[in-house]
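Residue strings, one per chain:
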Amino acid sequence: MKYRQLGNTGLEVSYISLGTSSLGGVYRDFEEKKGIQVVFTALDHGINLIDTAPAYGATKSEKVLGKALKQIPRDHYFLSTKTGKYSNTDFDYSYERIIKEVEASMKRLHVEHLDLLHLHDIEFREGIDKEVALTEGYRALKDLQQQGKVRFIGIGIYPVDWCREIMYSHDIQVMICHNHYTLSDTRILELLPDLKKTGVGLINAAPMGMGLLTHRGPAAWHPAKEEDKRMFQKAVALCDRAGTPIEQLAMQFGVSHSEIPTTLVSSPDPDEILKNIKWGSQQPDMELVNEVQHLLSPVMNKDWIVG
């Protein structure tokens, strides 16, 4: 496992990190025992950063993860979670709610402090929560940080322009930016000069495009139109003909950039985690990457607005 510096935090994180949206059943049902084993498998193979959120399965992800973490020494991992969004219908970035919910998250996770805490999906609901999130919500995160309950604070959002805006307007140390370094979207590269200038640590997420870059395809809630999904299935077929599953190519590409400190990968199956770790250690076939990106050029860097 390779490790990289996470901005100016001083944290040296594994270049592949564990996302736990799958442990909330976001993409499909799973066996809880296997979900817990995913955590053990990841840590046993060198992954040291784990990310979750109360919104994943309406606290299910945090609860399942917590069952694993209570069996693991606290100094064996860095832990990240999010706040402000608690389910697909429950958004509240007020100061009091965040203070209350972060305490609840730590209880579910069986920890006394968080390494990273992010304001979650503040662009949802057409951005109506942005002002409250970046005033009251941000103040709550700063207070939690000053109290020693949180080491580093940041945001976990989708819009690249908001990422850039917030890293300059607020004293954040980390950010999760998802779906912007994949075979079909490389807009995260636009942020690299700003990240270097500000020292904000970047966590890349969703290298398989929320399921678009898989044989299974995206979940029913994904906003892609049917004609777009058919185009991605053509990319799946192209990779099959080349003898490389698109999941493998997507994983290899997603972790290949040396200036991206870490990339979150999520699965409820320990065997899939092992497979992703193996794939991530290999260089992508850039000729095949170019063919796939040419095929996907009509949807390259297309916005997939969820929520």
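Structural notes, computed from the coordinates. (Residues numbered from 1 in each chain as written. Predicted model: local features only at pLDDT ≥ 70, side-chain atom pairs only at ≥ 80, totals over all residues. Heavy atoms only, no water.)

1. Here we look at the side chain of serine 184
Its place among the elements puts serine 184 in the loop between β8 (174-178) and α6 (192-198). Judged by relative accessible area, which is 7%, serine 184 ranks as buried. Not counting residues up to four positions away in its chain, the partners in contact with serine 184 are Leu213, Phe232, Leu296, Val299, Met300 and Asn301. (Helix = DSSP H or I, 4+ residues; strand = E, 2+ residues; numbered from the N terminus. Buried < 20%, exposed > 50% of the residue type's maximum accessible area, 1.4 Å probe, protein only. Contact = heavy atoms within 4.5 Å.)

2. With respect to helix α2 (residues 60-69)
In an α-helix, one turn spans 3.6 residues; hence positions three or four apart end up facing the same way. Across the ten residues of α2, seven count as buried, placing the element largely inside the fold. The complete set of buried residues in α2 reads Ser61, Glu62, Val64, Leu65, Gly66, Ala68 and Leu69. At its buried positions, α2 is contacted by α1 (32-44), β4 (49-51), β5 (78-83) and α3 (95-109).

3. Some thoughts on the sheet that holds strand β6 (residues 114-120)
What the eight strands build is a closed barrel, ordered β3-β4-β5-β6-β7-β8-β9-β10; its pairing is parallel. Across the sheet, the axes of successive neighbouring strands diverge by a mean angle of 30°, strand direction being ignored. (Pairing = 2+ DSSP bridges. Axes fitted to C-alpha atoms, helices over the stretch in contact; angles between N-to-C directions.)

4. Here's the deal with the environment of isoleucine 246
Relative to the elements of secondary structure, isoleucine 246 occurs in helix α8 (residues 246-254). Judged by relative accessible area, which is 0%, isoleucine 246 ranks as buried. In this structure isoleucine 246 touches Leu183, Leu213, Thr214, His215, Ala235, Val236 and Cys239, once residues within four positions along its chain are discounted.

5. Regarding the packing of aromatic side chains
Going through the model one piece at a time under the given rule, you end up with three aromatic pairs. Considering the side-chain rings of tyrosine 181 and phenylalanine 253, the 4.8 Å spacing of their centres and the 15° angle between planes classify their relative orientation as stacked. Note that tyrosine 181 is positioned in the loop between β8 and α6 and phenylalanine 253 in helix α8, a separation of 72 residues in sequence. Sitting over the ring of tryptophan 162, lysine 130 keeps its end group 4.1 Å from the ring centre. (Phe/Tyr/Trp six-rings, centres within 6.5 Å; stacked < 30°, edge-to-face > 60°. Lys NZ or Arg CZ within 6 Å of the ring centre and 35° of its normal.)

6. Section: α8
Most of α8 sits out of view: nine of its nine residues are buried. Among the residues of α8, those classed as buried are Ile246, Glu247, Gln248, Leu249, Ala250, Met251, Gln252, Phe253 and Gly254. Its buried side turned inward, α8 meets β3 (16-19), β9 (201-205), α7 (226-242), β10 (262-265), α9 (270-280) and α10 (286-295).

7. Observations regarding the pattern of salt bridges
Pairing is possible between side chains that carry opposite charge, provided their charged atoms lie close to one another. The tally for this structure, following the rule as stated, stands at 18 salt bridges. Two residues, aspartate 121 and lysine 85, come together in a salt bridge whose shortest N-O distance is 2.9 Å. Of this pair, aspartate 121 sits in the loop between β6 and α4 (130-146) while lysine 85 sits in the loop between β5 and α3, and the two are 36 residues apart along the sequence. A relative accessible area of 6% means that lysine 85 is categorised as buried. For lysine 142, the salt bridge goes to aspartate 171, with nearest N and O atoms at 2.9 Å. Taken together, the residues span a long stretch of sequence, with lysine 142 in helix α4 and aspartate 171 in the loop between α5 (160-169) and β8 at a distance of 29 residues. By relative accessible area, aspartate 171 is classed as partly exposed at 42%. Three or more residues are tied together by salt bridges with common partners; here these are Asp90, Asp92, Arg97 and Glu101. (Salt bridge = Lys/Arg side-chain N within 4 Å of Asp/Glu carboxyl O.)

8. Some details on unusual backbone geometry
Non-glycine residue histidine 110 carries a positive phi angle of around 60°. Positionally, histidine 110 belongs in the loop between α3 and β6. By relative accessible area, which is 43% here, histidine 110 ends up partly exposed. Of note in the backbone geometry, aspartate 121 takes a positive phi value of approximately 55° without being a glycine. On the accessibility criterion, aspartate 121 (6% relative accessible area) is buried.

9. Some words on the pairing of strand β7 (residues 150-157)
Counting buried residues in β7 gives seven out of eight residues, a clear majority hidden from the surface. Read as a crossover between parallel neighbours, the route from β6 over α4 to β7 is right-handed. Crossover β7 to β8 through α5 is right-handed. (Right-handed = clockwise from strand over helix to strand, strands pointing away.)

Interpretation note: all reported values are geometric properties and have no functional meaning in isolation.
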